[in-house]
Amino acid sequence: QVQLVESGGGLVQPGGSLRLSCAASGSIFSIYTMGWYRQVPGKQRELVATVTSSGSTNYADSVKGRFTISRVNAKNTVYLQMNSLTPEDTAVYYCNADVAITYWVRREYWGQGTQVTVSS
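Residues numbered from 1 in each chain as written. Predicted model: local features only at pLDDT ≥ 70, side-chain atom pairs only at ≥ 80, totals over all residues. Heavy atoms only, no water.

1. Here we look at the overall build of the chain
Under the convention used in this document: Numbering goes from the N terminus for both helices and strands, where a helix is a DSSP run of H or I of at least four residues and a strand is a run of E of at least two. In this treatment the radius of gyration is a C-alpha quantity, and the globule benchmark scales as 2.2 Å times the residue count to the 0.38 power. Exposure categories follow from relative accessible area, calculated using a 1.4 Å probe and restricted to protein chains: below 20% of the type maximum is buried, above 50% is exposed, and the middle band is partly exposed. By definition, residues are in contact when any of their heavy atoms lie within 4.5 Å. The charge count includes Lys and Arg as positive and Asp and Glu as negative, but it does not include His or the ends of the chains. Where a charge lies is defined by one atom per residue type, namely NZ (Lys), CZ (Arg), CG (Asp) and CD (Glu).
Within the chain, the regular secondary structure consists of zero helices and eleven strands. Ordering the α and β elements of the chain from the N terminus gives β-β-β-β-β-β-β-β-β-β-β. Relative to a compact globule of 120 residues, whose C-alpha radius of gyration would be 14 Å, the chain shows 14 Å and is just as compact. Here the C-alpha coordinates of the chain stretch approximately 50 × 25 × 20 Å along the principal axes. In the chain, which comprises 120 residues, the proportion classed as buried is 42%. If you take every contact in the chain between residues at least 6 apart in sequence, the share linking residues at least 24 apart comes to 54%. Averaging the positions of the 10 positive and the 7 negative side-chain charges in the chain gives two centres separated by 6 Å.

The structure is reproduced here in structure tokens:
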């Protein structure tokens, strides 16, 4: 199958920066959209940002101008550069990928999540 492995979370002070990475591995024919979502306890998981295989991006209004999503297709990896972090960005961040595992079969996969905590 396909595994998504995230890294880069941690504790950062307000105004600071973090960079998340997510690498996909396994039975991959191709990857369509990759993205980042986040979730806090008691709330629904929400979209943060997505990027298509051609590089088109989409951001939640709350992160526009502060976060940048990018990907390296040759490495099946997506990144999330997070700047000007605020306590409201504290959440578990999940990587998501829309993967073709064969020419005819397409599935959605999630990473295990990485904690981002913004606090002084």
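2. Thoughts on the environment of C22
Relative to the elements of secondary structure, C22 occurs in strand 3 (residues 18-26). Judged by its relative accessible area of 0%, C22 is buried. The spacing of C22 and G8 is 14 residues in sequence and 8.9 Å in space, taken between C-alpha atoms. Excluding residues that lie within four positions of it along the chain, C22 makes contacts with L4, V5, E6, M34, W36, N76, T77, V78 and C95.

3. Details of a nonpolar patch on the surface
Basically, it comes down to this: Patch construction takes residues with relative accessible area above 30% that form no salt bridge. Like charges are linked within 9 Å, and nonpolar side chains (Val, Leu, Ile, Met, Phe, Trp, Tyr) are linked within 5 Å. Only the protein chains shown count as covering a residue, and every accessible area follows the Shrake-Rupley method with a 1.4 Å probe. Criterion for a salt bridge: a side-chain nitrogen of Lys or Arg within 4 Å of a carboxyl oxygen of Asp or Glu.
A contiguous nonpolar patch, built from F29, Y103 and W104 and spanning about 500 Å² of accessible area, is present on the exposed surface. In this structure, W104 sits in the loop between strand 9 (91-100) and strand 10 (106-110).

4. Here's the deal with the environment of K75
In this structure, K75 sits in the loop between strand 7 (67-72) and strand 8 (77-82). Residue K75 is classed as exposed on the basis of its relative accessible area, which comes to 57%. For K75 and G111, which are 36 residues apart along the polypeptide, the C-alpha to C-alpha distance reads 16 Å.

5. Some points on the packing of aromatic side chains
Operational definition: Under the pairing criterion, centres of Phe, Tyr and Trp rings, with the six-membered ring standing for Trp, must be within 6.5 Å; the plane angle then separates stacked pairs below 30 degrees from edge-to-face pairs above 60, leaving the rest tilted. Both a distance and an angle decide whether a charge sits over a ring: NZ of Lys or CZ of Arg must be within 6 Å of the ring centre and within 35 degrees of the ring normal.
All told, the structure shown has three aromatic pairs when counted by the stated rule. A ring pair is formed by Y103 and W104, whose centres lie 5.5 Å apart and whose planes are at 75°; its orientation type is edge-to-face. Each member of the pair, Y103 together with W104, is exposed. An aromatic cluster of three or more residues is present, and its members are F29, Y103 and W104. Across the ring face of Y94, the terminal group of R45 is positioned such that the distance to the ring centre comes to 3.7 Å. The aromatic ring of W110 is capped on one face by R45, whose charged end is 4.6 Å from the ring centroid.

6. A short note on the sheet that holds strand 8
Here is the rule we go by: What makes two strands pair is DSSP finding at least two bridges between them. Fitted lines through C-alpha atoms give the axes, limited to the stretch in contact for helices. The angle between two N-to-C directions lies from 0 to 180 degrees.
A sheet is described by the order of its strands in space; here four strands give the open sequence 1-3-8-7, paired in antiparallel fashion. Taken across any chain shown, the strands that pair with only one partner, and hence form the sheet edges, are strand 1 (2-7) and strand 7. If you compare each strand with its neighbour and ignore which way they point, the axes differ by 15° on average. Two strands pair when backbone bridges link them, and strand 1 and strand 3 are joined in this way by six bridges, in the antiparallel orientation. Among the inter-strand pairings, V5 is bridged to a residue of strand 3, identified as A23.

So yeah, pure geometry; function would need other evidence.
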